[in-house]
Amino acid sequence: MENKHTDVLIIGTGLSGLFAAINIDPKYHVTLLAKTKVSNSNSNLAQGGIACEYNENKELHESHIQDTMRAGAYFNDEVAVKYLVDNAFDAVKYLVNLGVDFDVSKAGDFLFTKEGGHSTNRILHSGGDATGHNVIKDLLSIVRKRENIEIIDNTMALDLIKQDNRITGCIVLRNQASYYHIYAKKTIIATGGVGSVYGSTTNDLNATGDGIGMAYRAGCVFQNMEFVQFHPTALYSEFVTSRQRFLISEAVRGEGAYLRNVEKERFMIKYDKERMELAPRDIVSQAIYREMYDTWTDHVYLDTKHLDPKYLEKRFPTIFNRCKKEGYILGLDLIPVAPAEHFLCGGIKTDLSAKTTISNLYAVGESSYTGIHGANRLASNSLLECLVFSKAAAKDINNSIESIDQVSQTAIKGIPNYNYNYKPIRKKIGDYMDEHVSIVRNEQGLALTLNVLTDIENNLTKYPNLTKYYYETLNMASTARLIAKAALERKESKGCHLRIN
Ligand code: SIN
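(A) Quick peek at helix α3 (residues 62-71). Turning to α3, its buried residues number three or more, namely H64, I65, D67, T68, M69 and A71. Where the residues of α3 are buried, they touch β3 (50-51), α4 (78-86), α9 (281-294) and α12 (381-400). Where α3 ends, the next residue or the one after it, A73, has phi of about 60°, a positive value.

Next up, the structure:
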């Protein structure tokens, strides 16, 4: 396959990748890269919604800023949080103007819901609990009509190309067969989350930390990698074989659901008297962990029995139908749930324009660290982060791309290709991360895991293999090692990083 040239290369087709592409000036050629199908992404699975104070009056933004800081254990970058909240209205309005529908009342006013850590109802949603799916569907149809945007699916970005300390594109593998370079004046990493490094996650299983791995090999700076958020209520089943767990949105608790332990006792009063089931996620997940430990079980229950099943079916159609398939009726049955890995609060360090520490490379969405989440992300701030920082990246690119000359080609490195089964290595990574780098952590477990992961990563690096599975496994090993290392170094508990010694 021939090498390609583009102006802007965007790696990933979740909300941040698509929104960045739409915001790039149409006079520039954009290449959007999807590892598998274009519609596969964590954004597509997002249920809750988009947190937004939908007004221009900055005085009214203060409570969203304070809720974000409090949920993040005040470990957030306050300037970044203010930037996020103050730019929310513009970013969401732009989305609405593009034709994205959010749920409205009979009178036509937006319906706002509440999730953990929010002091007020400020979360916009679409299709009840299909926010991510609906937003992605609408943006994809816009992107597909834009003549300046080329979408390449089933193509994995293997490594960034670095010349004279700046990024000039990436090396890709298409359909597990053609290997070539895509040169770009500007490159954006929008590869999403890291869920696959754990044994159970709410993420799409394609989330193997690819952007993190690539950026690490290119020499980017990382921050806050120890802060991995576990969602408190993934649907639990004893018989589940997939590592992907179905998410039951926090918005169900926002609409009044309770948590009960296996003795059927409500327990949140012991952990957060004021906010109860609507405390931020770190507090609720840690409380569930404690209850499961004390009752010798691996799940608790979500109780919606005091709520109207008809309303729940209308408000949460995706969740209602999935639970029904598993034999539970929302509003009638207790739903078994347990925490599962959900979101990486740290990542590739960026500034307010989403620029990384390497020239011409940007990072947006979950792979980035913008400073807004602190030690624990406030619910439904992630889709908002995708919008605000992708828009900022596109603005910076539109303003600076003209000053960059067409990049020159580099030699294509020969990489061996052989048959190798990476499944046992992936399982080992997941097992160690679950056991020692999960909700509760200790020095001995973290040190042991760091040693194991360092060995895995070193061995993989020694024996390169030109396959998607090799690069995914290498990215998983590097991502997991960065998390374990940061977790070992941070001795005190903070937000979703709970150290018992
Ligand atoms: C949820 O709907 O509970 C997840 C939303 C989020 O992760 O912000």
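(B) Quick peek at the site of the ligand. The local shell around the ligand consists of G48, E115, H231, L247, S249, E250, R281, H342, R377, A379 and S380. The contact in question runs from an oxygen atom of the ligand to an N or O atom on the backbone of G48, over 3.0 Å. Contact between the ligand and S380: an oxygen atom at 2.6 Å from a main-chain N or O atom of the residue. Burial of the ligand by the surrounding chains reaches 95%, relative to a free accessible area of 260 Å². Along the lines of polarity and charge, the residues of the shell around the ligand split into two nonpolar, five polar and four charged.

(C) Focus on the nonpolar core. Core analysis: the largest hydrophobic core is formed by 65 residues, its most contacted members being L33, L160, I429, M433 and I483. Discounting residues that sit within four places of it in the chain, I483 has contacts with V194, V197, Y198, M225, E226, V228, L344, M433 and V437. F19, A20, F102 and V143 belong to the second-largest nonpolar core, a separate cluster that totals 52 residues.

Rules behind the numbers
Residues numbered from 1 in each chain as written. Predicted model: local features only at pLDDT ≥ 70, side-chain atom pairs only at ≥ 80, totals over all residues. Heavy atoms only, no water. Buried < 20%, exposed > 50% of the residue type's maximum accessible area, 1.4 Å probe, protein only. Helix = DSSP H or I, 4+ residues; strand = E, 2+ residues; numbered from the N terminus. Contact = heavy atoms within 4.5 Å. Near = heavy atom within 4 Å. Polar contact = N/O pair within 3.5 Å; in protein donor to acceptor, adjacent residues only side chain to side chain. Areas by Shrake-Rupley, 256 points an atom, 1.4 Å probe, with all protein chains shown as cover. Nonpolar A, V, L, I, M, F, W, Y, C, P; charged D, E, K, R; others polar. Core = buried A, V, L, I, M, F, W, Y, C linked by side-chain atoms within 4.5 Å.

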